[in-house]
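# Overview (structure and organization)
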Amino acid sequence: MKIAISGAGGFLGTSISRYFQSLGHTVMPISRAMQNLRDEKLASLLEGADVIINLAGAAVVSRWSDKNKHLIYDSRILTTRKLVAATKILKSPPSVLVSASAIGIYQSPGEHTETSHSFDEGFLGKVCIDWEAEASKATCRVVIMRTGIVLGREGGALPAMLLPFKLGLGGPIASGKQGFSWIHVNDLIRAVDFLIHHTELSGIFNFTAPNPVDNLKFSKALASVLHRPAFFHTPAFVLRLLYGEGATALTQGQFVYPEKLINSGFSFQYPELESALLFSVPEGVIAEISNLP
């Protein structure tokens, strides 16, 4: 297969690219420069792609100035719109568009499967709703990944979480009661592969492990894996001072379940948080921390 990937240079894009290349498939990164081309020119470069995976998007955890909000929104909606427009003029359209979204679409707090229509009414909800709407305009089969917090050794959210624990200052964020819906990067990649090959499947899928936890339980599990304490709470007001409105991405959370993936026959390699964390903490970190006072 020939697989075109936007956002191929990020943590997910790099991991997915490496996986499919290891299976002998051809991976074509869709660069930012390519995304600025006219639709016809972009289409000519995408000709022959069997699969398009759309992962592009600026970081959400940041201070949400008006400028950053525009960047977060445009990097997702405009990129997706551009890719969809290009696919519509291909002589040989791809068999499937796999397009990222996020569980931030769901209302917080709450428990959600793919049938839930209780959506977040703030900025993140609008971004995800509009993002998915653009992807759904494609004329080929569309799979939308509502992705939770991705755990892995080479990137994602976890490396940034390790420093407080190394310093003995780890612990829950705000109340700790907010949902923490996660997925190991290997399961995310396997789920993408699964959905590409199961051509009868389409639509929205929650890319989360079947056992979400709250933020307090996550902090305790990470502390246990690292053999460090988890006594310190990070107050919500501190995060608001750092990130402004963007603190919402850290202080809110949902309990999200991958009902459609499970009902479709997908089996998770890492359904439990503790085992996922053991295979997510970078090699050598546990040994390094064990030598700390």
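All residue numbers here refer to positions counted from 1 along the written sequence of the relevant chain. Local features in this predicted model are restricted to residues of pLDDT 70 or higher, and side-chain atom pairs are both shown and tallied only at a pLDDT of 80 or more, whereas totals for entire chains, interfaces and linings draw on every residue. Hydrogens are left out, water is left out, and the side-chain values use all remaining heavy atoms of the structure.

Looking only at helices and strands, one finds 13 helices and twelve strands in the chain. When we talk radius of gyration, it's over C-alpha atoms, and the globule rule is simply 2.2 Å times the number of residues to the 0.38. The C-alpha radius of gyration computed for the chain amounts to 19 Å, which stays within 12% of the reference 19 Å derived for 293 residues, consistent with globular compactness. Along the longest, intermediate and shortest principal axes, the C-alpha atoms of the chain span 60 × 40 × 35 Å. When checking whether two residues touch, look at their non-hydrogen atoms; a contact exists if any pair is within 4.5 Å. Here the analysis covers contacts within the chain between residues at least 6 apart in sequence; of these, 82% occur between residues at least 24 apart. Neither His nor the chain ends contribute to the count of charged residues, in which Lys and Arg are positive and Asp and Glu negative. We put the charge of a Lys on NZ, of an Arg on CZ, of an Asp on CG and of a Glu on CD. One way to put it: in the chain the 26 positive side-chain charges average out to a point 6 Å from where the 24 negative ones average out. Only DSSP runs of H or I with at least four residues qualify as helices, and only runs of E with at least two residues qualify as strands; both kinds are numbered from the N terminus onward.

The next thing to look at is a nonpolar patch on the surface. The patch calculation keeps residues exceeding 30% relative accessible area without a salt bridge and links them within 9 Å when they carry like charges or within 5 Å when they are nonpolar (Val, Leu, Ile, Met, Phe, Trp, Tyr). The protein chains shown are the only cover counted for residues, whose accessible areas, like all others here, come from Shrake-Rupley with a 1.4 Å probe. Only one rule defines a salt bridge in this text: a Lys or Arg side-chain nitrogen within 4 Å of an Asp or Glu carboxyl oxygen. Residues Leu163, Leu167, Leu169, Phe231 and Phe232 make up a contiguous nonpolar surface patch of roughly 560 Å² in combined accessible area. Here phenylalanine 232 shows up in the loop between α8 (215-226) and α9 (236-243).

Let's shift gears to α8. The span you would expect from a helix comes to 1.5 Å times its residue count less one. With twelve residues, α8 ought to run about 16 Å at 1.5 Å a step, and its terminal C-alpha atoms sit 16 Å apart, in line with that. For every residue, the accessible area obtained with a 1.4 Å probe (protein chains only) is divided by the maximum for its type, and the residue is called buried under 20%, exposed over 50%, and partly exposed between those limits. The complete set of buried residues in α8 reads Asn215, Phe218, Ser219, Ala221, Leu222, Ala223, Val225 and Leu226. Pairs of N or O atoms within 3.5 Å make up the polar contacts considered here, provided that, within protein, one atom can donate a hydrogen while the other can accept it, and that residues adjacent in sequence are counted only when both atoms are side-chain atoms. Taking the backbone nitrogen of leucine 216 as reference, a side-chain oxygen 3.2 Å away marks aspartate 214 as the first, capping residue of α8. Just downstream of α8 lies histidine 227, where phi reads positive at about 60 degrees.

Let us look at the packing of aromatic side chains. Centre distance within 6.5 Å is the pairing criterion for rings of Phe, Tyr and Trp, where only the six-membered ring of Trp is used; planes under 30 degrees apart are then read as stacked, over 60 as edge-to-face, and the remainder as tilted. If you walk through the whole model with that rule in mind, you get seven aromatic pairs. Ring geometry for phenylalanine 266 against phenylalanine 268: centres 5.0 Å apart, planes inclined by 85 degrees, an arrangement best described as edge-to-face. Like phenylalanine 266, the residue phenylalanine 268 is buried in the burial classification. Joined through ring pairs, the aromatic side chains of Phe194, Phe266 and Phe268 make up one cluster. In this analysis the charged atom, NZ for Lys or CZ for Arg, is taken to sit over a ring once it is within 6 Å of the ring centre and within 35 degrees of the ring normal. The cationic tip of lysine 69 hangs over the ring face of phenylalanine 123; the distance from NZ or CZ to the ring centre is 5.2 Å.

Quick reminder: α-helices carry 3.6 residues per turn. Residues three or four places apart thus point the same way. Taking 1.5 Å of rise per residue, twelve residues should cover 16 Å, and helix α1 (residues 11-22) covers 17 Å from first to last C-alpha, within 8% of that figure. In this structure, the buried residues of α1 make contact with β1 (2-6), β2 (26-30), β3 (51-54), β7 (149-151) and α7 (185-197).

Here glutamate 134 lies in helix α5 (residues 123-135). Side chain to side chain, glutamate 134 and arginine 81 meet in a polar contact 3.1 Å long. Among all residues touching glutamate 134, those that are not within four sequence positions of it are Ile77, Thr80, Arg81 and Val84.

On to the packing of helix α4 (residues 66-87) against α5, then. Simply put, an axis is a line fit to the C-alpha atoms, just over the touching stretch for a helix, and the angle between two N-to-C directions goes from 0 to 180 degrees. At a minimum axis distance of 8 Å, the contact between α4 and α5 shows a crossing angle of 10 degrees. One finds that α4 runs roughly parallel with respect to α5. On α5, the residues that touch Lys69, Ile72, Tyr73, Arg76, Ile77, Thr80, Arg81 and Val84 of α4 are Phe123, Lys126, Val127, Asp130, Trp131, Glu134 and Ala135. Gly is put with the polar residues, along with every residue not named as nonpolar or charged; the nonpolar set is Ala, Val, Leu, Ile, Met, Phe, Trp, Tyr, Cys and Pro, and the charged set is Asp, Glu, Lys and Arg. A class-by-class count of the residues in the contact of α4 with α5 yields eight nonpolar, one polar and six charged. Roughly parallel means an angle under 35 degrees; roughly antiparallel, over 145; roughly perpendicular, 65 to 115; everything else is oblique.

Moving on: the layout of surface pockets. Over the atoms rolls a probe the size of a water molecule, and its path tells where empty space is left. A pocket, in this scheme, is an open set of points on a 1 Å grid over the protein atoms alone with protein on both sides within 12 Å along at least 5 of 7 lines, while a cavity is a set where a 1.4 Å probe fits but cannot get out; residues line either one if an atom lies within 4 Å of a point. Grid points are joined across faces, edges and corners, and a volume is the space filled by probe spheres set on the points. The space that makes up the second largest pocket amounts to roughly 270 Å³. In this structure, the second largest pocket is lined by 13 residues; those nearest its centre are Arg18, Glu154, His184, Val185 and Asn186. Secondary-structure elements contributing two or more residues to the lining of the second largest pocket are α1 and α7. Of the residues forming the lining of the second largest pocket, the biggest block, four residues, is contributed by α1. Partitioned by chemical class, the residues of the lining of the second largest pocket number six nonpolar, four polar and three charged.

As a further point, take the sheet that holds β1. Read across the open sheet, the six strands follow the order β2-β1-β3-β4-β6-β10; overall the sheet is parallel. Strands with a single pairing partner mark the edges of an open sheet, and in this sheet they are β2 and β10 (203-207). For this sheet, the mean angle separating the axes of adjacent strands, direction not counted, is 20 degrees. Any two strands between which DSSP finds at least two bridges are classified as paired. Relative to strand β4 (residues 96-102), β3 runs parallel, the two being bridged by four bridges. Among the inter-strand pairings, isoleucine 53 is bridged to a residue of β4, identified as valine 98. The strands touched by helix α3 (residues 39-46) within the sheet are β1, β2 and β3, with β2 carrying the most contacts at an inclination of about 160 degrees.

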